[in-house]
Amino acid sequence: MVIPCYNEEEVLPETSKRLKEKLQSLIAAGKISVDSRIVFVNDGSKDRTWELIEELHNQDPIFQGIKLSRNKGHQNALFAGLMTVKDICDMAISMDADLQDDIDAIDGMIDSYHEGSEIVFGVRSARKTDTFFKRFTAEGYYHLMNKMGADIVFNHADFRLMDSRALDYLSDYSEVNLFLRGIVPMLGLKTDIVYYERSERFAGESKYPLFKMLQFAFEGITSLSTRPIRIISELGVFIFFVSVVVLIYSLVRYFTGHTIPGWTTTVLSVWAIGGLTMISLGVIGEYIGKIYLETKSRPRYFISEYLGDADTDVCLRDRQKR
Ligand code: UDP
Ligand code: MG
């Protein structure tokens, strides 16, 4: 289990207790290895979070900790945790520290894993505990993202199971603007969904106040889609079209003598230049968009199976542990 934590001293004792119970019951049921671990990633917390993690680790080796040098944000903390464990686990489940995600959904995820799923998304079936505003904005956002061409799972946050192959694939994404819930569906592995009800934060405050949430939302769109740039071009073409209409209109006015001198050229140039400027901006934007995607140097494909000589198996990295 990988749990990013930022100033979570209030919830950590309870979270660690419940997670340990859950893991022990899963171990007793023979569903997971006796060597299973709970890894807390301390994302540069300013409170006693790291001291708590150290205490937990000293009491019971089932708890492990990773400390980031400074606060790098939820996504980077999670990524750091997953990349640290990827070579030593068969699967990793990521979850928030605040117990908003239902711990009991883990059973379903692990069952699905044993049935062959490589990625299991935890999806909120209800948003009863969210305020109307949060629900409205969040759900609207998922729709907007899909319209912008980003393939994200509706109402799924970062509560998910990934097996070692999924983690390995994920490690090839070297982008700085990390938006995990947009990238994971791109891996193209066998996925499944487990539904759960999201509850209230157990204690402490949300680390995502409105401003940070908006920032995160914008980050998501701009890191997955270049659609906004395309919209500028489209607007430019539209305005240029309007300028042609204005041209005809003002010529009619001119020839019927309803104008004062200079009006026609002024009106025309405003529209035409506006339209042309926007088209040019859009064209430049197109190239910037391409450069942007290029500089991300995303992996272009993954070889999931290879039929060839056993000793030239390019799939060596897909350790078939199962
Ligand atoms: N978190 C983090 N770094 C940050 C902000 C948040 O590691 O800079 C962690 C936080 O400890 C929690 C998870 O990310 O485990 C989700 O944060 P939160 O519950 O505050 O977000 P919300 O559920 O309100 O969207
Ligand atoms: Mg939360």
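Everything discussed here concerns the structure shown above.
Residues numbered from 1 in each chain as written. Chains lettered and ligands numbered in written order. Predicted model: local features only at pLDDT ≥ 70, side-chain atom pairs only at ≥ 80, totals over all residues. Heavy atoms only, no water.

1. Some details on the site of ligand 1
And step 1. Residues in close proximity to ligand 1 total 19 residues, the closest being Glu8, Asp43, Asp98, Ser206 and Lys207.
And step 2. Taking Gln100, its side chain carries an N or O atom lying 2.7 Å from an oxygen atom of ligand 1.
And step 3. Ser206 is positioned with one of its side-chain polar atoms (N or O) 2.5 Å from an oxygen atom of ligand 1.
And step 4. The site holding ligand 1 turns out to be the largest pocket.
And step 5. Looking at the shell around ligand 1 residue by residue, the class counts come to five nonpolar, five polar and nine charged. (Near = heavy atom within 4 Å. Polar contact = N/O pair within 3.5 Å; in protein donor to acceptor, adjacent residues only side chain to side chain. 1 Å grid on protein atoms, 1.4 Å probe; cavity = no way out; pocket = protein on both sides within 12 Å on 5 of 7 lines; lining within 4 Å. Sits in = over half its atoms within 2 Å of the grid points. Nonpolar A, V, L, I, M, F, W, Y, C, P; charged D, E, K, R; others polar.)

2. Considering the layout of surface pockets
And step 1. Quantified by volume, the largest pocket comes out at close to 1,100 Å³.
And step 2. The wall of the largest pocket is formed by 42 residues, among which Lys134, Arg198, Ser206, Tyr208 and Met213 lie closest to the centre.
And step 3. Elements supplying a minimum of two residues to the lining of the largest pocket: strand S1 (2-5), helix H3 (74-85), helix H5 (132-147), strand S6 (156-163) and helix H8 (210-224).
And step 4. Residue contributions to the lining of the largest pocket peak at seven residues, all from H8.
And step 5. The residue makeup of the lining of the largest pocket, split by class, is 19 nonpolar, eight polar and 15 charged.
And step 6. Considering only enclosed or pocket space, the second largest pocket measures out at about 530 Å³ in volume. (Points joined across faces, edges and corners; volume = space filled by probe spheres on them. Helix = DSSP H or I, 4+ residues; strand = E, 2+ residues; numbered from the N terminus.)

3. A short note on the side chain of Lys86
And step 1. If you trace the backbone, Lys86 turns up in the loop between H3 and strand S4 (91-94).
And step 2. For Lys86, a relative accessible area of 14% translates into the label buried. (Buried < 20%, exposed > 50% of the residue type's maximum accessible area, 1.4 Å probe, protein only.)

4. Things to note about the coordination of the magnesium ion (ligand 2)
And step 1. Binding of the magnesium ion (ligand 2) to the protein goes through Asp98 (OD) and Gln100 (OE1), at separations of 1.8 to 1.9 Å. Residue Asp98 shares its accessibility class with Gln100, and that shared class is buried. (Donors = N, O, S within 2.8 Å, 3.2 Å for Na, K, Ca; no water.)

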